[in-house]
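Architecture and fold: a report
So the chains spell out like this:
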Amino acid sequence: MGKIRLAIVGPADSVALAYQVALERSDYLVPVPIVYQDASEVTQILTRHGNEFDMWLFSGIVPYQRALAQKINKPLFYIPHTGSSLYRALLQITYMEHLNIESASFDTFSQKEVEETFTDINLPLPKLFVNHYEGIVSASDLTEYHYSLWKSGQTKIAVTCFLTTYETLRQMGVPAFRIWPTRSNIRTTLDIAINAFEAQRFKGSQLAIQQIEIDDYDDLVRASSSYHVKKIELRLYEILVGYAEKLQGSIVLRGDGQFALYSTRGILEEITEEFTIMPILEDIIRNVGANVSGGIGFGASAYAAEEYAFRALGLAKQKGKGRWMVVTDKKDAIGPLSSAVRLKYSVRTDDSLYKEFADKLSISATTVNKLLAAIDKLDKETIGADDLAMYLAITPRSARRLLATLVEQNLAEVSGEESLIKGRPRKLYKILLDKLLQPVVQLPQQLG
């Protein structure tokens, strides 16, 4: 695989140091320095160079937060200012400049971090003023903060992480000192960034297999002429060929209304918007004339990916016709795609706590996962049987039975009724989450 193109963004001194350290990892990295005068330039830098780099490294949290606000689809990292950076500044003040720190203003660090640093190196704790900002802050704001304290006589020294603030304060006659990253901090950050990028690159290169079937194919063959069925298959095949081209993948006809599509996880994740939509679903509904279901699986090997793809297809068919599901290499099920009731839950059945819960309710461990995911997704206290049935892909009767079991186990209670225009009022149930979640460490992940 090619080397990682890394943009290093920040003021001149920090970028120069980070660039030197990054050259130590030239086996992995192609570092490119990008210098700004003020962090407000980050937006323009990303607009100009957003697609040129695989990864971005920022000199501190402020330019990093500005980059986050741009929502670019690249890994972003920043070099944290830690205690070792602060030690160096204090060493310069006391040992090199021979100044007595009676009162001082600091930015970026928290009050606790500054106090602990003085304690660690056995320096008397001075009168401290600390601007521990959250979110985006400008260099001019910090300049005014330090200057006003010094001008009013409350401080004798200013310590800042901003080069522009440091330079401006010096010009204004303030005894200012600059904090910048240490080589150790930079090396640690680069190690984290490289490992994270390689993990993501491996994940993106995983083989992705999609198993696609025309629903009720045998019934369609019995009810229609062979020519009609072949026309349906040809219309579907044409759509799938276009889809495969976008995925830079290949398609295989398995016969009897079945197709397999091969690609990689990275590009599929992008086209499905991280497994939220199935982009060809509307085209199929509009042009094919039959329901089509699909299962997507991933794995380090073709065997594993195919196994998960068939498992995902089975889950899709359980949920009805024309549904698409995903099963990941961690055995998490996601879907249905392009659906308001899309959930993520585990299909693993080896968790003893889930098994215990499932046995107690006389349901499968997978249904337990789906139940918890549905409750998390709904984000409300009450639920009716029809809503629960829709999320769990079961009949309303089965949903009512499950809710009744939860009531019997003191895990839910009837909280009222929902009046309908026709028919009997429907019971609403309140799920007692505190009791329900006692045997479970954590809810499945909420999606959408």
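Calculation rules
- Residues numbered from 1 in each chain as written.
- Predicted model: local features only at pLDDT ≥ 70, side-chain atom pairs only at ≥ 80, totals over all residues.
- Heavy atoms only, no water.
- Helix = DSSP H or I, 4+ residues; strand = E, 2+ residues; numbered from the N terminus.
- Buried < 20%, exposed > 50% of the residue type's maximum accessible area, 1.4 Å probe, protein only.
- Contact = heavy atoms within 4.5 Å.
- Pairing = 2+ DSSP bridges.
- Axes fitted to C-alpha atoms, helices over the stretch in contact; angles between N-to-C directions.
- Phe/Tyr/Trp six-rings, centres within 6.5 Å; stacked < 30°, edge-to-face > 60°.
- Lys NZ or Arg CZ within 6 Å of the ring centre and 35° of its normal.
- Expected span 1.5 Å × (residues − 1).
- Core = buried A, V, L, I, M, F, W, Y, C linked by side-chain atoms within 4.5 Å.
- Arc of directions from axis to C-beta.

**Brief notes about the overall build of the protein chain**
Tallying secondary structure elements over the protein chain gives 18 helices and 18 strands in all. Residues counted as buried form 46% of the 448 residues belonging to the protein chain. Looking at the protein chain alone, contacts between residues at least 24 apart form 58% of all its contacts between residues at least 6 apart.

**Some remarks on the sheet that holds strand β2 (residues 29-35)**
Pairing is parallel in the open sheet, where 4 strands are placed in the order β2-β1-β3-β4. Two strands close off the open sheet at either side, each with one partner strand: β2 and β4 (76-78). Neighbour-to-neighbour, the strand axes of the sheet open up by a mean angle of 25°, direction not taken into account. Sheet analysis places strand β1 (residues 4-10) next to β2, joined by 7 bridges and oriented parallel.

**A few points about the side chain of Thr165**
As for its placement among the helices and strands, Thr165 is situated in helix α7 (residues 163-171). For Thr165, a relative accessible area of 0% puts it in the buried group.

**A short note on the packing of aromatic side chains**
Applying the stated rule across the entire model yields 8 aromatic pairs. Judged by centre distance (6.4 Å) and plane angle (85°), the rings of Tyr133 and Phe162 are edge-to-face. Taken together, the residues Tyr133 in the loop between β6 (127-131) and α6 (139-151) and Phe162 in the loop between β7 (157-160) and α7 connect sequence positions 29 residues apart. Judged by relative accessible area, Phe162 falls into the buried class, the value being 12%. Aromatic side chains Phe275 and Phe298 sit 5.3 Å apart centroid to centroid with 40° between the ring planes, which places their arrangement in the tilted category. Note that Phe275 is positioned in the loop between α11 (265-271) and α12 (281-287) and Phe298 in strand β12 (residues 292-299), a separation of 23 residues in sequence. We classify Phe275 as buried; its relative accessible area is 4%. Of the aromatic side chains, those joined through ring pairs into one cluster are Phe53, Trp56 and Phe58. The residue whose ring lies beneath Arg265 is Phe298, and the NZ or CZ to ring-centre distance is 4.6 Å.

**Some details on the pairing of β12**
Taking burial as the measure, the 8 residues of β12 include 8 buried ones, the bulk of the element. Here strand β9 (residues 207-214) pairs with β12 via 8 bridges, running antiparallel. Paired with Glu213 across the bridge in β12 is Ser293. Pairing geometry for β12 and strand β13 (residues 324-327), over 4 bridges, is parallel. By the bridge assignment for β13, Gly297 is matched with Val327.

**Topic: the sheet that holds β7**
Spatially, 4 strands are ordered β6-β5-β7-β8 in an open sheet, and the strand pairing comes out parallel. Because the sheet does not close on itself, it has two edges, and the strands there are β6 and β8 (176-178). Neighbouring strand axes in the sheet, compared pairwise and without regard to direction, differ in orientation by 20° on average. In this sheet, β8 lies alongside β7 in parallel orientation, the contact comprising 3 bridges.

**Considering unusual backbone geometry**
That bond from Gly335 to Pro336 is cis: its omega, -5°, falls within 30 degrees of zero. In this fold, Pro336 is placed in the loop between β14 (332-335) and β15 (343-346). Positive phi outside glycine occurs at Asp216, with the angle close to 55°. With respect to the helices and strands, Asp216 occurs in the loop between β9 and α9 (217-223).

**Observations concerning the environment of Thr82**
With respect to the element layout, Thr82 can be found in the loop between β4 and α4 (83-96). Separated by 35 residues in the primary sequence, Thr82 and Thr117 have C-alpha atoms spaced 9.9 Å apart.

**Comments concerning α6**
Helix length check: α6 (13 residues) gives 18 Å between terminal C-alpha atoms against 18 Å at 1.5 Å per residue, within 8%. When we look at burial in α6, the residues that qualify are Ala139, Leu142, Thr143, Tyr145, His146, Tyr147 and Leu149. Where α6 is buried, its residues meet β5 (103-107), β6, β7 and α7. Just beyond α6, the residue with positive phi is Gly153, at close to 85°.

**What to know about the pairing of β7**
Residues of β7 alternate between two faces, with Ile157 and Val159 on one and Ala158 and Thr160 on the opposite face, all of them buried. Pairing geometry for β5 and β7, over 3 bridges, is parallel. Counted as the bridge partner of Ser105 is Ala158 from β7.

**Structural notes on the nonpolar core**
Of all hydrophobic cores here, the largest spans 37 residues; its most connected members are Val9, Trp56, Phe58, Phe106, Val114 and Phe162. The leading source of residues in this core is α4, at 4 residues. Once residues lying within four places of it in the same chain are set aside, the contact partners of Phe106 are Leu86, Leu90, Val114, Phe118, Leu128, Phe129, Val130, Asn131, Tyr145, His146 and Val159.

**Overview of helix α10 (residues 226-246)**
Along its 21 residues, α10 runs 30 Å from first to last C-alpha, staying within 8% of the 30 Å computed at 1.5 Å per residue. Looking only at α10, the buried set comprises Val229, Ile232, Glu233, Leu236, Ile239, Leu240, Tyr243 and Ala244. Projected down its long axis, α10 shows its buried positions confined to an angular sector of 145°, all on one face. Opposite its buried face, α10 presents the exposed residues Tyr227, Lys230, Lys231, Leu234, Glu238 and Glu245, each directed more than 90 degrees away. One or two positions beyond α10, positive phi appears at Gln248, with a value near 55°.

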